[in-house]
Amino acid sequence: MSKKRLKRRKFKENLFNKRRLIILNEDTFEETFSLKLTLMNVFVVATLGAIIIIFITTFIIAFTPLREFIPGYSSSKLKNEAMELALKSDSLSRALKKNEAYIRSIQKVLTGELEYAKFNKDSILTVVDEVSSQAYLSASKKELELREQVTKEENPHPNPPQKEGSRNSKK
């Protein structure tokens, strides 16, 4: 036989050869524990033990608050606080814009660019929050003409409306 075959055969024999693990009391040399093992049994038990430890560790991390210590995971409490802070900062920025507009208008009154009689706090604040007015939303004459032209181009031969009595029914 070749050397490789002999080595494989010896390795297989070593895997399945029975060995005895004995634990002795050192003072009395009394056998306290004895166990018959093979290298294959030790390998299988060690592999299963490692798999079980990995499974338990993954379970503990995935379903307990320990996952918050892993980078990339965040708690729901932290997400809620971030959302509240975003809303507060948004409202504060709106209030800041209103205050800046108010201060600018007061500066205009103090410098004489605007008469006091025309100065009204409510009108200043509405200017800041004002959405586009109806004047900007209504269509001009040119826009209406363009719309009519486009509808004519899309429907060059519109079907004339039919009268109720002129329908032909085939039965």
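Preceding this paragraph is the structure being described.
Position numbers for residues start from 1 in each chain and track the written sequence from start to end. Only residues with pLDDT of 70 or above have their local features reported here, since the model is predicted, and side-chain atom pairs are shown and tallied only from 80 upward, although totals for entire chains, interfaces and linings are computed over all residues. Here the side-chain values reflect all heavy atoms present in the structure, with hydrogen atoms and water set aside.

**Student:** Residues and numbers for the overall build of the protein chain, please.
**Tutor:** The secondary structure content of the protein chain amounts to six helices and two strands. Strands here are runs of E lasting at least two residues and helices are runs of H or I lasting at least four, both read from the DSSP assignment and numbered beginning at the N terminus. Along its sequence from the N terminus, the protein chain presents helices and strands in the succession α-β-β-α-α-α-α-α. Using a 1.4 Å probe on the protein chains alone, a residue whose accessible area is under 20% of its type maximum counts as buried, one over 50% counts as exposed, and one in between counts as partly exposed. The buried share among the 171 residues of the protein chain stands at 4%. Whether two residues are in contact is decided by their heavy atoms, any of which lying within 4.5 Å being enough. Long-range contacts, defined here as pairs at least 24 residues apart, represent 17% of the contacts in the protein chain between residues at least 6 apart. We get accessible surface area from the Shrake-Rupley algorithm with a probe of 1.4 Å; when it comes to residues, only the shown protein chains can shield them. Accessible surface for the protein chain amounts to roughly 16800 Å². Of this, 59% is attributable to carbon and sulfur atoms.

**Student:** A description of helix 1 (residues 3-16) should follow, citing residues and the corresponding values.
**Tutor:** Here helix 1 spans 20 Å end to end across 14 residues, near enough to the 20 Å set by a 1.5 Å rise per residue. Little of helix 1 sits inside the fold, with one of its 14 residues counted as buried. A helix is expected to span 1.5 Å multiplied by its residue count minus one.

**Student:** Give a detailed account of a positive patch on the surface, specifying residues and quantitative values.
**Tutor:** Candidates for patches are residues over 30% relative accessible area with no salt bridge; among them, like charges are joined within 9 Å and nonpolar side chains (Val, Leu, Ile, Met, Phe, Trp, Tyr) within 5 Å. Take a side-chain nitrogen of Lys or Arg and a carboxyl oxygen of Asp or Glu: if they are within 4 Å of each other, that pair is a salt bridge. Neither His nor the chain ends contribute to the count of charged residues, in which Lys and Arg are positive and Asp and Glu negative. By convention, charge coordinates are those of NZ in Lys, CZ in Arg, CG in Asp, or CD in Glu. A contiguous patch of positive charge on the surface is contributed by Lys4, Arg5, Arg8 and Lys12. Inspection of the secondary structure assignment puts Arg8 in helix 1.

**Student:** Can you lay out the environment of Ile22 for me, pointing to particular residues and giving the numbers?
**Tutor:** Note that Ile22 resides in strand 1 (residues 19-24). When the C-alpha positions of Ile22 and Ser34 are compared, they lie 4.4 Å apart, and in sequence the two are twelve residues distant. With near-sequence residues (within four places) excluded, Ile22 lies in contact with Glu31, Phe33 and Ser34.

**Student:** Just give me the short version of the pairing of strand 1, but keep the residues and values in it.
**Tutor:** Criterion used throughout: strands pair if DSSP finds at least two bridges between them. Sheet topology places strand 1 next to strand 2 (residues 31-37); six bridges connect them, and they run antiparallel. Paired with Arg20 across the two strands is Lys36, which belongs to strand 2. In sequence, strand 1 turns back onto strand 2 through a hairpin of six residues, with Phe29 there showing a positive phi of about 55 degrees.

**Student:** Explain the packing of aromatic side chains to me, and be specific about the residues and the numbers.
**Tutor:** We call Phe, Tyr and Trp rings a pair once their centres come within 6.5 Å, taking the six-membered ring for Trp, and we label the pair stacked below 30 degrees between planes, edge-to-face above 60, and tilted otherwise. Inspection of the entire model under this criterion finds one aromatic pair. Ring centres 5.0 Å apart and planes at 50 degrees place the aromatic pair Phe59 and Phe63 in the tilted group. In this pair, Phe59 and Phe63 both sit in helix 2 (residues 39-63), four residues apart, roughly one turn of the helix. On the accessibility criterion, Phe59 (48% relative accessible area) is partly exposed.

**Student:** How would you explain the pattern of salt bridges if you had to name every residue and give the values?
**Tutor:** Going through the model one piece at a time under the given rule, you end up with two salt bridges. Across the pair Asp90 and Arg94 runs a salt bridge, and its minimum N-O distance is 3.0 Å. Within this pair, Asp90 and its partner Arg94 are both found in helix 3 (residues 76-111), separated by four residues, close to a single helical turn. Looking at Asp90, the relative accessible area reads 34%, which means it is partly exposed. Judged by relative accessible area, Arg94 falls into the exposed class, the value being 52%.

**Student:** Describe the side chain of Thr38, listing the residues and the values that go with them.
**Tutor:** Mapping Thr38 onto the fold places it in the loop between strand 2 and helix 2. Look at Thr38 and you get buried, because its relative accessible area is 10%. In contact with Thr38, not counting residues within four places along its chain, are Leu15, Phe16, Asn17 and Lys18.

**Student:** Describe the environment of Ser93, and please don't skip the residues or the numbers.
**Tutor:** If you trace the backbone, Ser93 turns up in helix 3. You can call Ser93 partly exposed: its relative accessible area is 30%. Within 3.5 Å is the distance limit for a polar contact, defined as a pair of N or O atoms, with the added protein rule that one can donate a hydrogen and the other accept it, and that residues adjacent in sequence qualify only through two side-chain atoms. A distance of 2.7 Å separates the side chain of Ser93 from the backbone oxygen of Asp90, its partner in a polar contact.

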